[in-house]
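Inside the fold
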Amino acid sequence: MATPEHDLKPVRDSVSDVFDKDGVRLTVDDEIATVTLTHPAKRNAQSPALWRALAEAGRSLPGSVRVVLLRAEGKSFSAGLDRQAFTPEGFDGEPSFLDMARGDDAELDATIAEYQEAFTWWRRSDIVSIAAVQGHAIGAGFQLALACDLRVVADDVQFAMRETSLGLVPDLTGTHPLTGLVGYGRALEICLTGRFVTAEEAVGSGLANVAVPRDQLDATTRDLASAILAAPRSAVIETKALLRSAGTHSYEEQRAAERQAQGRRLRDLAGLGE
């Protein structure tokens, strides 16, 4: 039986646009927030303005949000740092690399720390972040994908860490998750050679969770988000914290952490939680 036209609602009725500026759009649909890179003509090249917008996206999340999706418009996820940063004039109103180099150690450290804020909030304990990555994800683009908890990639994805070939280092928080995912030797080789990592290798090495045809990328990412939302929020938060601590805890410390977390869950389920 056909549904009357007046009963049909646009898909985006429940979606609220939080902001759209400097190449970043944040939308919220109940428990899911979506952060979209919106400069496909520039292959979503990154700049300090974009990084500030990403940091603002993290600060703007409503408390109802449990999953954050990171995606990008166009053929490429992100081609990395906008090459204008390498010119003497840099970006309008922004310090160029030369200006940064002329500053004292404290100023230089503070500037890089500000840029890193765009990459740090994705692993917050109260959310699960999923990057949907297609095409090129190079340098800062690679590190932005690495900032998320999970990665769904299109079969045309090409990751590359090109900083070392430019005489720089990956400094946007990417070295820790990369080494944790693929191991020291593979991470070193990827960074020093700057070579491309394809979808097949990304999945095989643990860098990506799943690879799908490009036209299935968004749907697969949403399906993964829905599967995560099916579990109670408090159990997801406790499980995420346990897994994050496993790499630094001893076996006995992790056993104790599991017992403590399960105790909290059992009391909560019994209505005895604080």
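A short tour of the structure in this document, coming up. If you're wondering where the values come from, they're calculated on a predicted model, not measured in any experiment. (Residues numbered from 1 in each chain as written. Predicted model: local features only at pLDDT ≥ 70, side-chain atom pairs only at ≥ 80, totals over all residues. Heavy atoms only, no water.)

1. Remarks on the pattern of salt bridges
Evaluated as defined, the whole model comprises 17 salt bridges. With a shortest N-O distance of 2.9 Å, Lys240 and Asp149 are connected by a salt bridge. Of this pair, Lys240 sits in helix α9 (residues 233–246) while Asp149 sits in the loop between α4 (140–147) and β7 (150–154); the two residues are 91 residues apart in sequence, bridging distant segments of the chain. The exposure class of Lys240 is buried, given its relative accessible area of 12%. Measuring nitrogen to oxygen at the nearest pair gives 2.9 Å for the salt bridge that ties Arg255 to Glu252. Here the residue Arg255 and the residue Glu252 both occupy positions in helix α10 (residues 251–269), the gap between them amounting to three residues, near one helical turn. Here Arg255 falls in the partly exposed class, since its relative accessible area comes to 38%. (Salt bridge = Lys/Arg side-chain N within 4 Å of Asp/Glu carboxyl O. Helix = DSSP H or I, 4+ residues; strand = E, 2+ residues; numbered from the N terminus. Buried < 20%, exposed > 50% of the residue type's maximum accessible area, 1.4 Å probe, protein only.)

2. Here's the deal with the sheet that holds strand β10 (residues 210–212)
Pairing is mixed in the open sheet, where seven strands are placed in the order β1-β2-β3-β4-β5-β7-β10. If you trace the sheet from one side to the other, it starts and ends with β1 (16–21) and β10, each paired once. Within this sheet the neighbouring strands show an average axis-to-axis angle of 15 degrees, counted without direction. As judged from the six bridges shared by strand β2 (residues 24–29) and strand β3 (residues 32–37), these two strands associate in the antiparallel manner. Directly across from Arg25, in β3, lies its bridge partner Thr36. (Pairing = 2+ DSSP bridges. Axes fitted to C-alpha atoms, helices over the stretch in contact; angles between N-to-C directions.)

3. With respect to the environment of Gly80
Looking at the element boundaries, Gly80 is found in the loop between β4 (67–72) and α2 (97–102). Not counting residues up to four positions away in its chain, the partners in contact with Gly80 are Asn44, Ala45, Gln46, Ile138, Ala140 and Gly141. (Contact = heavy atoms within 4.5 Å.)

4. Let's talk about the side chain of Thr36
Topologically, Thr36 is positioned in strand β3. You can call Thr36 buried: its relative accessible area is 4%. Within polar-contact distance, the side chain of Thr36 engages the side chain of Arg71 at 3.5 Å. Look past the residues within four positions of Thr36 in its chain and what remains in contact with it is Gly23, Val24, Arg25, Arg71, Ala72 and Glu73. (Polar contact = N/O pair within 3.5 Å; in protein donor to acceptor, adjacent residues only side chain to side chain.)

5. Focus: the sheet that holds strand β6 (residues 136–138)
Here three strands make up an open sheet; going across it, the order is β6-β8-β9 and the pairing mixed. Every interior strand has two partners, whereas the edge strands, β6 and β9 (197–198), have only one. Relative to strand β8 (residues 158–160), β6 is paired through three bridges, and the arrangement is parallel. Within β8, the position partnered with His136 by the bridge is Gln158. Packing of α4 onto the sheet brings it into contact with β6 and β8, and relative to β6 it is tilted by some 95 degrees.

6. Structural notes on empty space enclosed by the protein
A water-sized probe, rolled over the atoms, reveals where empty space remains. Scanning the model with the defined rule gives one cavity of 30 Å³ or more in all. There is about 50 Å³ of room inside the largest cavity. What lines the largest cavity is Arg66, Ser125, Asp126, Ile127, Val128, Arg233, Val236 and Ile237. In the lining of the largest cavity, the residues fall into four nonpolar, one polar and three charged. (1 Å grid on protein atoms, 1.4 Å probe; cavity = no way out; pocket = protein on both sides within 12 Å on 5 of 7 lines; lining within 4 Å. Points joined across faces, edges and corners; volume = space filled by probe spheres on them. Nonpolar A, V, L, I, M, F, W, Y, C, P; charged D, E, K, R; others polar.)

7. Notes on the nonpolar core
Core analysis: the largest hydrophobic core is formed by 53 residues, its most contacted members being Val35, Trp51, Leu54, Trp122 and Phe159. Take this core: its biggest share by element is six residues, from α4. Residues contacting Val35, with those up to four places away along its chain left out, are Val24, Arg25, Leu26, Leu54, Ala57, Val68, Leu69, Leu70, Arg71, Trp121 and Trp122. The next biggest cluster of nonpolar side chains, apart from the first, holds 15 residues, and it includes Ala132, Val152, Leu217 and Leu229. (Core = buried A, V, L, I, M, F, W, Y, C linked by side-chain atoms within 4.5 Å.)

8. As for a negative patch on the surface
A grouping of Asp104, Asp105, Glu107 and Asp109 is seen on the molecular surface, where their side chains present a negatively charged patch. Examined against the element boundaries, Asp109 turns out to sit in helix α3 (residues 105–120). The class of Asp109 is exposed, set by a relative accessible area of 54%. (Patch = residues over 30% accessible without salt bridge, like charges linked within 9 Å, V, L, I, M, F, W, Y side chains within 5 Å. Areas by Shrake-Rupley, 256 points an atom, 1.4 Å probe, with all protein chains shown as cover. Lys, Arg positive; Asp, Glu negative; His and termini not counted. Charge placed at Lys NZ, Arg CZ, Asp CG, Glu CD.)

9. Quick notes on α3
Given a rise of 1.5 Å per residue, 16 residues ought to cover 22 Å, and the 22 Å separating the end C-alpha atoms of α3 matches this to within 8%. Along its length, α3 reaches its greatest deviation from straightness, about 25 degrees, at Glu114. For α3, every residue scored as buried is listed here: Thr111, Tyr115, Ala118 and Phe119. Elements that come into contact with the buried residues of α3 comprise α1 (48–59), α2 and α4. Of the residues flanking the start of α3, the one acting as N-cap is Asp104, its side-chain oxygen 3.2 Å from the backbone nitrogen of Ala106. (Expected span 1.5 Å × (residues − 1). Bend = angle between axes of the 7 residues up to and from the residue.)

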